[in-house]
Amino acid sequence: MNPRITLAIIAAGMAGIIGIIAFSGSQLINDVTEEGLGTIPSSPITVIPLEPQLEKIQVLSVNEEEATIKITFKITNPNYKSALLHVVKYHLYADDKRIATEEIGDRAEGMVTGSNYFTILRDSPQILDDTIILKNMGGDPQFWSSLSAGNVKWRVDGELYFNLSSMTSGHENIVPFEFTY
């Protein structure tokens, strides 16, 4: 057989395989659901949101100049694939007054920087801690005395930014949350 004909048959076969994959999209390359690669799911593939929980807020120390507060989140992944949690952005409120805007992790900006993300495995929660240092500027002595006495009602709201470690479901997902403590 002529080598050119053999090469044409191989190229046509490769083009056909690439065409099938391209037109079937993530329905053929299913690496998100439990059925796995090569299976066509009966329903569209969906990404289940991560489940954040506020574990605790601790006032570690309070003096006349500053206060140190530790906040702990527990993040659970209900998806079959592991999730890449890029950042947790949140606002901390004490008695309905915003006292801090913080974030855990960071998001890559541009092509040069790398991302510092957390891998959240399925059914294996990740605990994330953050420490906030508040400076006493003297403008709210009532808040500072409530903080010293431990009589503060806390509220936290924010968003998680994540995506699955999947070649078919790589878009960014955002999960809003709000907790009281």
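The structure displayed is predicted, hence computed values, not measured ones. (Residues numbered from 1 in each chain as written. Predicted model: local features only at pLDDT ≥ 70, side-chain atom pairs only at ≥ 80, totals over all residues. Heavy atoms only, no water.)

Novice: Help me understand the pairing of strand β2 (residues 66-76), please; the structure alone is not making it clear to me.
Specialist: Moving residue by residue along a regular strand, the side chains alternate between the two faces of the sheet. For β2, the tally of buried residues reaches eight of eleven residues, placing the bulk of the element in the interior. Of the strand pairs in this sheet, strand β1 (residues 51-62) and β2 are connected by ten bridges, and their pairing is antiparallel. Of the residues in β2, the one forming a bridge with E51 is T76. In textbook terms, the turn of a hairpin is the stretch between consecutive antiparallel strands, and for β1 and β2 this stretch comprises three residues. Note: β2 against strand β6 (residues 126-135), ten bridges, orientation antiparallel. If you follow A67 over to β6, its bridge partner there is L134. (Buried < 20%, exposed > 50% of the residue type's maximum accessible area, 1.4 Å probe, protein only. Helix = DSSP H or I, 4+ residues; strand = E, 2+ residues; numbered from the N terminus. Pairing = 2+ DSSP bridges.)

Novice: It is not clear to me how the sheet that holds β6 should be interpreted in this structure. Could you clarify?
Specialist: Each strand in a sheet pairs with another by means of backbone hydrogen bonds, the pair being arranged parallel or else antiparallel. Across the sheet, which stays open at both edges, the three strands sit in the order β1-β2-β6 with antiparallel pairing between neighbours. Each end of this open sheet is capped by a strand with a single partner; those strands are β1 and β6. When the angles between neighbouring strand axes are averaged without regard to direction, this sheet yields 20°. (Axes fitted to C-alpha atoms, helices over the stretch in contact; angles between N-to-C directions.)

Novice: Sorry if this is basic, but what is going on with unusual backbone geometry here?
Specialist: Peptide bonds are, in most cases, trans, and in most cases residues other than glycine have a negative phi. Of note in the backbone geometry, D95 takes a positive phi value of approximately 50° without being a glycine. Mapped onto the elements of the fold, D95 is located in the loop between β3 (83-94) and β4 (97-105). The exposure class of D95 is partly exposed, given its relative accessible area of 39%.

Novice: Hey, could you run me through the environment of D130 in this one?
Specialist: You can see D130 is positioned in strand β6. Each C-alpha atom, one on D130 and one on I71, is 5.4 Å from the other, the two residues being 59 residues apart in sequence. In contact with D130, other than residues within four places in its own chain, are I69, K70, I71, Y90, E102, E103 and I104. A distance of 2.6 Å separates polar atoms of two side chains, one belonging to D130 and the other to Y90. (Contact = heavy atoms within 4.5 Å. Polar contact = N/O pair within 3.5 Å; in protein donor to acceptor, adjacent residues only side chain to side chain.)

Novice: Sorry, what's going on with the nonpolar core here?
Specialist: Proteins that are soluble and globular tend to have nonpolar side chains buried together. With 33 residues, the main nonpolar core has F73 and L92 as its most contacted residues. Mapped onto this core, the elements with two or more residues apiece are β1, β2, β3, β4, β6, α2 (141-149), β7 (154-164) and β8 (173-180). Tallying contributions element by element places β3 first for this core, with six residues. Not counting chain neighbours up to four residues away, the residues in contact with F73 comprise Q53, L54, E55, V88, Y90, I104, Q126, I127, L128, V156 and F177. (Core = buried A, V, L, I, M, F, W, Y, C linked by side-chain atoms within 4.5 Å.)

Novice: Looking at this structure, how should I read α2?
Specialist: In an α-helix, one turn spans 3.6 residues, which is why side chains three or four residues apart end up on the same side. Along α2, the residues classified as buried are F143, W144, S146 and L147. Projected down its long axis, α2 carries its buried residues within an arc of 160°, all on one side. Facing away from the buried surface of α2 by more than 90 degrees, the exposed residues are P141, Q142, S148 and A149. Contact partners of the buried residues in α2: β1, β2, β3, β4, β6 and β7. Phi turns positive one or two residues past the end of α2, at G150, with a value near 80°. (Arc of directions from axis to C-beta.)

Novice: I keep staring at the pattern of salt bridges and nothing clicks. Help me out?
Specialist: Where side chains of opposite charge bring their charged atoms close, a pairing between them can arise. A complete count under the given rule lists seven salt bridges for this structure. Residues E66 and K135 are paired through a salt bridge, measuring 2.9 Å at the closest nitrogen-oxygen approach. Taken as a pair, E66 in strand β2 and K135 in strand β6 lie far apart in primary sequence, 69 residues in all. The partly exposed category is assigned to E66, whose relative accessible area is 26%. Here D96 ties to R155 by a salt bridge, and the two come within 3.9 Å at their closest N and O atoms. With a gap of 59 residues between them, D96 in the loop between β3 and β4 and R155 in strand β7 connect regions that are remote in the sequence. Linked through salt bridges whose partners overlap, the residues forming this network are D96, R155, D157 and E178. (Salt bridge = Lys/Arg side-chain N within 4 Å of Asp/Glu carboxyl O.)

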